[in-house]
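Commentary on secondary and tertiary structure
Here is what each chain is made of, one letter per residue.
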Amino acid sequence: QVQLVESGGGLVQAGGSLRLSCVATGSSFVIKTMGMGWYRQAPGKQRELVATITSGGVPNYADSIKGRFTISRDNAKNTMFLQMTSLQPEDTAVYYCAGARSWGQGTQVTVSS
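Here goes a summary of the coordinates provided. (Residues numbered from 1 in each chain as written. Predicted model: local features only at pLDDT ≥ 70, side-chain atom pairs only at ≥ 80, totals over all residues. Heavy atoms only, no water.)

The antiparallel open sheet is built from four strands, whose spatial order is β1-β3-β8-β7. Strands with a single pairing partner mark the edges of an open sheet, and in this sheet they are β1 (2-7) and β7 (69-74). Between one strand and the next, the sheet's axes are offset by a mean angle of 15°, whatever the strand orientation. (Pairing = 2+ DSSP bridges. Helix = DSSP H or I, 4+ residues; strand = E, 2+ residues; numbered from the N terminus. Axes fitted to C-alpha atoms, helices over the stretch in contact; angles between N-to-C directions.)

A few words on the packing of aromatic side chains. Aromatic rings considered in pairs are described by the distance between their centres and by the relative angle of their planes. All told, the structure shown has two aromatic pairs when counted by the stated rule. Both rings, one in Tyr39 and one in Trp103, keep their centres 4.9 Å apart while their planes meet at 70°; by these two values the pair is edge-to-face. Note that Tyr39 is positioned in strand β4 (residues 36-41) and Trp103 in strand β10 (residues 102-103), a separation of 64 residues in sequence. What makes Tyr39 partly exposed here is its relative accessible area of 25%. On the basis of relative accessibility, which here comes to 43%, the residue Trp103 falls in the partly exposed class. With centroids separated by 6.3 Å and ring planes inclined at 90°, the aromatic side chains of Tyr96 and Trp103 adopt a geometry described as edge-to-face. Residue classification places Tyr96 among the buried residues on the basis of a relative accessible area of 13%. Aromatic ring contacts, followed pair by pair, group Tyr39, Tyr96 and Trp103 into a single cluster. A cation over an aromatic ring shows up here: Arg47 above the ring of Tyr96, its NZ or CZ 3.7 Å from the ring centre. The aromatic ring of Trp103 is capped on one face by Arg47, whose charged end is 4.5 Å from the ring centroid. (Phe/Tyr/Trp six-rings, centres within 6.5 Å; stacked < 30°, edge-to-face > 60°. Buried < 20%, exposed > 50% of the residue type's maximum accessible area, 1.4 Å probe, protein only. Lys NZ or Arg CZ within 6 Å of the ring centre and 35° of its normal.)

The structure is reproduced here in structure tokens:
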């Protein structure tokens, strides 16, 4: 019912920043009322939760990001964001958008030391 597409990944040096975006298409009602989240998966590791955000914009964060990331959403544009700052090599992973029991295709974030 909802399709998700991530973008904004890339290669950055340690200490740098990236802003990920996730555009949702499909049912407008579902998109504007669903909770959403960001997950990531590093090679050889299980996919882990990074952050979630309710339809009303209330965020929650995993301890692993140590307060360095900010999740937000613009319901008028059907878009969710993840602003990542002070990136570290351990943040290297494929980042996935999730919502309404759907997954995006992922976007690669690589942080060099």
